Amino acid sequence: MEPAYKILIADDHPLFREAISSVIASGFEGSEIIETDDLDSALDLTRNNDDLDLILLDLNMPGMHGLNGLITLRNEAPSIPVVIVSAEEDKQVVLQAITYGAVGFITKSSPRAQMTEAIQQILNGNVYLPSDIIRTGNENRQRRSRNDDNPISPELLNSLTRRQLLVLERMSKGESNKQIAYNLNIAETTVKAHVSAILRKLGVHNRVQAILSASDVDFSQYLKR
């Protein structure tokens, strides 16, 4: 039987709270759901429920002031994973949310099955990024100099093996280690070893930094070799 979770939904739209509660109830049977509609009450509930497994946080509810609310919540409860659930679909907002400590970003337009999969990935300890948004705009950047907006130098990318490049490419699309292992037909332990090597070679401290750095890389250029 799947484990039950304790999840806080913080959103000021009753219909959406009802919708996401339904997703959790059907996808994660037996889970306890707590609801609130502003940041202050979310902070209070977080203080009184240190056994929360996950917080689903709306970017635009009262008290949030954009990503400032996320920072406040992360400072209050650094050990509880926070996922942004928002109608916002701007790539930079998504990446900034991850930079400021969110472990995932789910758009409100996501299909029910995709929301369930995203929440499952996050509860499994992975970062979830909406791959369609992360890829948005890459085609428009093809004519621009990569040196201007790519924090990873060509030298660092060339230091990666072909298999490491393939793993990094899939990481940048928001895939979990399990998904990468399946898609590349390798063991999950092998993926973990590649991820560790990638972080070391790129000089970054964690998976999120690697994803942020690689989100605009044109991998086809480096995989030709």
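All values derive from a computational prediction rather than experimental measurement. (Residues numbered from 1 in each chain as written. Predicted model: local features only at pLDDT ≥ 70, side-chain atom pairs only at ≥ 80, totals over all residues. Heavy atoms only, no water.)

Peer 1: Tell me about the pattern of salt bridges, residues and numbers included.
Peer 2: As enumerated under the stated definition, the model contains 6 salt bridges in all. Put simply, Arg 47 and Asp 44 hold a salt bridge, and the shortest N to O gap is 2.7 Å. On the criterion of helical spacing, the pair formed by Arg 47 and Asp 44 is a turn pair, its members being 3 residues apart in helix H2 (residues 39–48). Salt bridges here are not isolated pairs; linked through shared partners, they connect Asp 11, Asp 58 and Lys 108. (Salt bridge = Lys/Arg side-chain N within 4 Å of Asp/Glu carboxyl O. Helix = DSSP H or I, 4+ residues; strand = E, 2+ residues; numbered from the N terminus.)

Peer 1: Quick rundown of the packing of aromatic side chains? Include the residues and the values.
Peer 2: All told, the structure shown has 1 aromatic pair when counted by the stated rule. With 6.1 Å between their ring centres and 75° between their planes, Tyr 5 and Phe 28 make a pair best called edge-to-face. Here Tyr 5, found in the segment before strand E1 (6–10), pairs with Phe 28, found in the loop between helix H1 (14–27) and strand E2 (32–36); they are 23 residues apart in sequence, far enough to count as distant. Comparing Tyr 5 with Phe 28, the two get one shared label, buried. (Phe/Tyr/Trp six-rings, centres within 6.5 Å; stacked < 30°, edge-to-face > 60°. Buried < 20%, exposed > 50% of the residue type's maximum accessible area, 1.4 Å probe, protein only.)

Peer 1: Kindly report on the environment of Gln 209, identifying the contributing residues and their values.
Peer 2: As for its placement among the helices and strands, Gln 209 is situated in helix H12 (residues 207–214). Look at Gln 209 and you get partly exposed, because its relative accessible area is 29%. Taking the C-alpha atoms as reference points, Gln 209 and Leu 199, 10 residues apart in sequence, are found 8.6 Å from one another.

Peer 1: Residue-level account of helix H3 (residues 67–76), with values.
Peer 2: Listing the buried residues of H3 in full gives Leu 67, Gly 69, Leu 70, Leu 73 and Arg 74. Angular distribution of buried residues about the axis of H3 spans 150°; they occupy a single face of the element. On its buried face, H3 sits against H2, strand E3 (54–57), strand E4 (82–86) and helix H4 (91–99). (Arc of directions from axis to C-beta. Contact = heavy atoms within 4.5 Å.)

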